[in-house]
Amino acid sequence: MTVKELLQEILKLKQEKDVLILAHYYQPIEIQEIADYVGDSLGLSRTARKTNTEYIIFAGVDFMAETASIINQDKHVLIPNYESCCPMAAFLTPEIVKTYKKEHPGLPVVVYVNSTAAVKAESDICCTSSNAVKIVEKISKEFNTEAVLFGPDANLADYAEQLSGVKCLKMPDVGHCYVHSQIKPEHIINVRDIYPKAKLLVHPECKRDVRELSDFVGSTAQMYNRVKNSPSEEKEFIIGTEIGLLERMAQDFPNKNFYPVMDKVICFNMKKHSLELIKYVLEHLDDKAFEIKVPPEIAKRAITPIMRMLDYS
Ligand code: 13P
Ligand code: SF4
């Protein structure tokens, strides 16, 4: 089957069945093309929250599908490849959160959505990269504290602390994303040398020394909107995040030029889905092998911090 035939078959199956396909900006571009909605973690959660379809096929990593499942317990959330996971989540376990809570009684626990459902269940509120600053500000006011516990991404914690002025105690110190933390100041200096007129946009999962050399820091959707709303004289952009977002923007804004900050900014975990797998899932919607289900006792506790985040942002 050619890619074109595959695409047509998927679109036909999608029309026949009660299903919504969600895709993150880091998905392979051909998957983004067949999705009903493409967005960042927050946009995907919001869309999952308001959907009426019986089935959601989630082309993203496991924590995103888990979140959609927790807020849609009456629906079927399916992931085309269950090996698509976010390694950052492994930096934080419920036991680590409990230890920090014991050491810092009274501090609110903010958990990045890039975490397991069991960790979310131990938190007071979740956040994504697009609302971390706002969430930290709001929850510290609500708890009347000058600090919060924040995990698992130490770089996002640092960014939220820098912008909010609220101390973000990192749970743990070393949590990071392998895709973003490989970007170093020397890559920025080098690429700026090649494209001196380009605006440089980076994700808040990048380290502080990289963020400080950029023109804009934001989530994937915030970077997308920064380009979308840019004046016509801004023609060139260097993208400091996973290549899928660059591919999306290159398609949507053909009058602008996009350059990766360095070679191989690829999240291999996000690239584990394929059109073939999506077609297979569409043909086998009731096959439990693809369904993401969080144990009810964990889902019951994890839903509160997720809904709190959605209501606060
Ligand atoms: P966004 O919230 O910007 O989509 O980021 C998710 C993510 O996993 C970044 O690596
Ligand atoms: Fe996780 Fe990093 Fe991949 Fe995002 S880019 S899903 S944080 S590994």
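Here is a short report on the structure shown in this document. Note that residues are indexed from 1 along each chain, following the sequence as it is written. Here the convention is simple: chains get letters from A, ligands get numbers from 1, in the order in which they are written. Only residues with pLDDT of at least 70 get local features here, since the model is predicted, and only at 80 or more are side-chain atom pairs given and counted; chain-wide, interface and lining totals rely on the full set of residues. Calculation of side-chain values draws on the structure's entire complement of heavy atoms; hydrogens and water are dropped beforehand.

### Some thoughts on the overall build of the chain
Item 1. In this description a helix means any DSSP run of H or I spanning at least four residues, a strand means any run of E spanning at least two, and both kinds are numbered starting from the N terminus. A tally of helices and strands in the chain yields 14 helices and twelve strands.
Item 2. C-alpha atoms define the radius of gyration, and 2.2 Å times the number of residues to the power 0.38 defines the globule rule. Here the C-alpha radius of gyration of the chain, 19 Å, is about what a compact globule of 313 residues would show, namely 20 Å.
Item 3. With the C-alpha coordinates aligned to their principal axes, the bounding extent of the chain is approximately 55 × 55 × 30 Å.
Item 4. Within the chain, the proportion of its 313 residues that are buried is 57%.
Item 5. By definition, residues are in contact when any of their heavy atoms lie within 4.5 Å. Look at the contacts in the chain between residues 6 or more apart in sequence, and 64% of them connect residues 24 or more apart.
Item 6. Looking at the chain as shown, the accessible area adds up to about 13,600 Å², and 51% of this sits on carbon and sulfur atoms.
Item 7. Within this scheme the basic residues Lys and Arg register as positive and the acidic residues Asp and Glu register as negative, but His and the chain ends are omitted. Taken as the charge location is NZ of Lys, CZ of Arg, CG of Asp or CD of Glu. On the chain, the mean spot of the 38 positive side-chain charges and the mean spot of the 44 negative ones are 4 Å from each other. Each residue gets one of three labels from its accessible area relative to the maximum for its type: buried under 20%, exposed over 50%, partly exposed in between, using a 1.4 Å probe on protein chains only. We get accessible surface area from the Shrake-Rupley algorithm with a probe of 1.4 Å; when it comes to residues, only the shown protein chains can shield them.

### Notes on unusual backbone geometry
Item 1. Residue proline 152 is bonded to the preceding glycine 151 through a cis peptide linkage, with omega at 0°.
Item 2. By the element assignment, proline 152 lies in the loop between strand 7 (147-151) and helix 8 (154-164).
Item 3. Here the bond from methionine 171 into proline 172 is cis, since omega is -10°, no more than 30 degrees from zero.
Item 4. By the element assignment, proline 172 lies in the loop between strand 8 (167-170) and helix 9 (185-194).

### Digging into the packing of aromatic side chains
Item 1. In this analysis, rings of Phe, Tyr and Trp, with Trp reduced to its six-membered ring, are considered paired at centre separations within 6.5 Å, and the interplanar angle assigns stacked below 30 degrees, edge-to-face beyond 60, and tilted for intermediate values. What the rule picks out here adds up to five aromatic pairs.
Item 2. On the numbers, 5.1 Å between centres and 50° between planes, the contact of tyrosine 224 with phenylalanine 253 is tilted. Of this pair, tyrosine 224 sits in helix 11 (residues 220-228) while phenylalanine 253 sits in the loop between helix 12 (243-252) and strand 12 (257-260), and the two are 29 residues apart along the sequence. There is no split in this pair, since tyrosine 224 and phenylalanine 253 are both buried.
Item 3. Aromatic pair tyrosine 280 and phenylalanine 290: ring centres 5.9 Å apart, planes at 65°, arrangement edge-to-face. One end of the pair, tyrosine 280, is in helix 13 (residues 275-283); the other, phenylalanine 290, is in the loop between helix 13 and helix 14 (296-312), with ten residues separating them in the sequence.
Item 4. One aromatic cluster is present, built from ring pairs that chain together Tyr25, Tyr224 and Phe253.
Item 5. Only when the NZ of Lys or the CZ of Arg is both within 6 Å of the ring centre and within 35 degrees of the ring normal is a charge said to sit over the ring. Taking the ring centre of tyrosine 312 as reference, the NZ or CZ of lysine 138 above it sits at 5.3 Å.

### Details of the nonpolar core
When a protein is soluble and globular, its nonpolar side chains tend to lie buried together.
Item 1. Nine residue types can take part in a nonpolar core, namely buried Ala, Val, Leu, Ile, Met, Phe, Trp, Tyr and Cys, and a core is a set of them joined through side-chain atoms within 4.5 Å. Ranked by internal contacts, the top residues of the largest apolar core, which has 65 residues, are Phe58 and Phe150.
Item 2. Looking at which element gives the most residues to this core, the answer is helix 14, with six residues.
Item 3. Each residue touching phenylalanine 58, except ones within four places of it in the same chain, is listed here: Leu22, Leu44, Met64, Ala65, Ala68, Val77, Leu78, Ile79, Pro80 and His273.
Item 4. Counting 19 residues, the second-largest nonpolar core is a separate cluster that includes Ile10, Ile21, Ala23 and Leu282.

### Some details on empty space enclosed by the protein
Item 1. Of the grid points, spaced at 1 Å and generated over the protein atoms alone, those admitting a 1.4 Å probe that cannot get out make up cavities, while open sets with protein on both sides within 12 Å along at least five of seven lines make up pockets; any residue with an atom within 4 Å of a point is treated as lining. Grid points are joined across faces, edges and corners, and a volume is the space filled by probe spheres set on the points. For the structure on display, the rule yields one cavity of 30 Å³ or more.
Item 2. As for the largest cavity, its lining consists of Ser41, Leu44, Ser45, Phe58, Phe63, Met64, Thr67 and Val113.
Item 3. When contributions to the lining of the largest cavity are tallied by element, the ones reaching two or more residues are helix 3 (41-50) and helix 4 (62-70).
Item 4. In this count, Pro and Cys sit with the nonpolar residues alongside Ala, Val, Leu, Ile, Met, Phe, Trp and Tyr, while Asp, Glu, Lys and Arg are called charged and the others, Gly among them, polar. Of the residues in the lining of the largest cavity, the class split is five nonpolar, three polar and no charged.

### Focus: the pattern of salt bridges
Item 1. Throughout this description, the term salt bridge denotes a Lys or Arg side-chain nitrogen within 4 Å of a carboxyl oxygen of Asp or Glu. In total, this model carries 18 salt bridges according to the counting rule given.
Item 2. Note that glutamate 234 and arginine 226 form a salt bridge whose closest N and O atoms lie 3.0 Å from each other.
Item 3. The exposure class of glutamate 234 is buried, given its relative accessible area of 16%.
Item 4. Each of Glu9, Lys12 and Glu16 takes part in one network of salt bridges that share partners.

### Examining the site of ligand 1
Item 1. Nearness is defined per residue: one heavy atom within 4 Å of the molecule or strand is enough. In the vicinity of ligand 1, the contacting residues are His24, Tyr26, Asp40, Ser41, Asn114, Ser129, His180, His203, Glu205, Ser219 and Thr220.
Item 2. Side-chain polar atom of serine 129 to an oxygen atom of ligand 1: 3.0 Å apart, as the coordinates give it.
Item 3. Protein chains bury 96% of the 300 Å² of accessible surface belonging to ligand 1 in isolation. We call two N or O atoms a polar contact when they sit within 3.5 Å, provided that within protein one can donate a hydrogen and the other can accept it, with sequence-adjacent residues counted only if both atoms are side-chain atoms.

### Some details on helix 4
Item 1. A large share of helix 4 lies buried, amounting to eight of its nine residues.
Item 2. Every buried residue belonging to helix 4 is among Phe63, Met64, Ala65, Glu66, Thr67, Ala68, Ser69 and Ile70, and all of these are buried.
Item 3. Buried positions along helix 4 lie against strand 1 (19-24), helix 3, strand 3 (55-59), strand 4 (76-78), helix 6 (117-120) and helix 14.

### Some points on the environment of serine 164
Item 1. Topologically, serine 164 is positioned in helix 8.
Item 2. Sequence spacing of serine 164 and alanine 23 is 141 residues, and the spatial spacing of their C-alpha atoms is 30 Å.
Item 3. With sequence-adjacent residues up to four places away left out, serine 164 is seen in contact with Val133, Val136 and Glu137.
Item 4. There is a polar contact of 2.6 Å between the side chain of serine 164 and the backbone oxygen of alanine 160.
Item 5. Of the polar contacts made by the side chain of serine 164, one reaches the backbone nitrogen of valine 166; its length is 3.1 Å.

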